[in-house]
Amino acid sequence: MTKAFQQALADHHANDFKLGMPSTDEGHFARRLILMERLTGGKGFRSPAKEPAPRANGKTRGEMKREARERANVAVSEARPFQHMHSAARRRVLTAEVAAAA
């Protein structure tokens, strides 16, 4: 191959690497698909999921929400008057009373 032909061929295929450049014909589109398959090993481009960002206390948002939920559930007091208890707490108290009576 002559140098001029190689230069012309290189210019013709230069757009295969430019993702922002629209395909000029079907051959260009096919070359780009083959090139991208080779570059990615046939798996395509994928950006991995981000890790959860830790806050100032070193815990993630999800960990802080789970701890707050646990604290709120522990704070339900069975020592409150029966009519002011949450229905789940009432069931626990009744179940414990029935089990103690049996």
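The rules behind the values
- Residues numbered from 1 in each chain as written.
- Predicted model: local features only at pLDDT ≥ 70, side-chain atom pairs only at ≥ 80, totals over all residues.
- Heavy atoms only, no water.
- Helix = DSSP H or I, 4+ residues; strand = E, 2+ residues; numbered from the N terminus.
- Rg over C-alpha atoms; globule rule 2.2 N^0.38 Å.
- Buried < 20%, exposed > 50% of the residue type's maximum accessible area, 1.4 Å probe, protein only.
- Contact = heavy atoms within 4.5 Å.
- Areas by Shrake-Rupley, 256 points an atom, 1.4 Å probe, with all protein chains shown as cover.
- Lys, Arg positive; Asp, Glu negative; His and termini not counted.
- Charge placed at Lys NZ, Arg CZ, Asp CG, Glu CD.
- Patch = residues over 30% accessible without salt bridge, like charges linked within 9 Å, V, L, I, M, F, W, Y side chains within 5 Å.
- Salt bridge = Lys/Arg side-chain N within 4 Å of Asp/Glu carboxyl O.

Draft legend 1. Here's a closer look at the overall build of the chain. Per the secondary structure count, the chain includes four helices and zero strands. Along its sequence from the N terminus, the chain presents helices and strands in the succession α-α-α-α. Here the C-alpha radius of gyration of the chain, 33 Å, is well above what a compact globule of 102 residues would show, namely 13 Å. Dimensions along the principal axes, computed over C-alpha positions, put the chain at roughly 100 × 35 × 20 Å. Taken across its 102 residues, the chain has 11% of its residues classed as buried. Of the contacts made within the chain by residues no fewer than 6 positions apart, 0% connect residues no fewer than 24 positions apart. In the form shown here, the chain has an accessible surface area of approximately 8900 Å², with 59% of it arising from carbon and sulfur atoms. Looking at charge distribution, the chain has the averaged site of its 19 positive side-chain charges lying 6 Å from that of its 11 negative ones.

Draft legend 2. View of the environment of Leu94. Within the secondary structure layout, Leu94 lies in helix α4 (residues 87-101). For Leu94, a relative accessible area of 40% gives the class partly exposed. Sequence separation between Leu94 and Ala30 is 64 residues, and the spatial gap between their C-alpha atoms is 73 Å.

Draft legend 3. Region of the structure containing a positive patch on the surface. Taken together, the side chains of Arg55, Arg61, Lys65, Arg66 and Arg69 present a region of like positive charge at the surface. With a relative accessible area of 52%, Arg61 lands in the exposed category.

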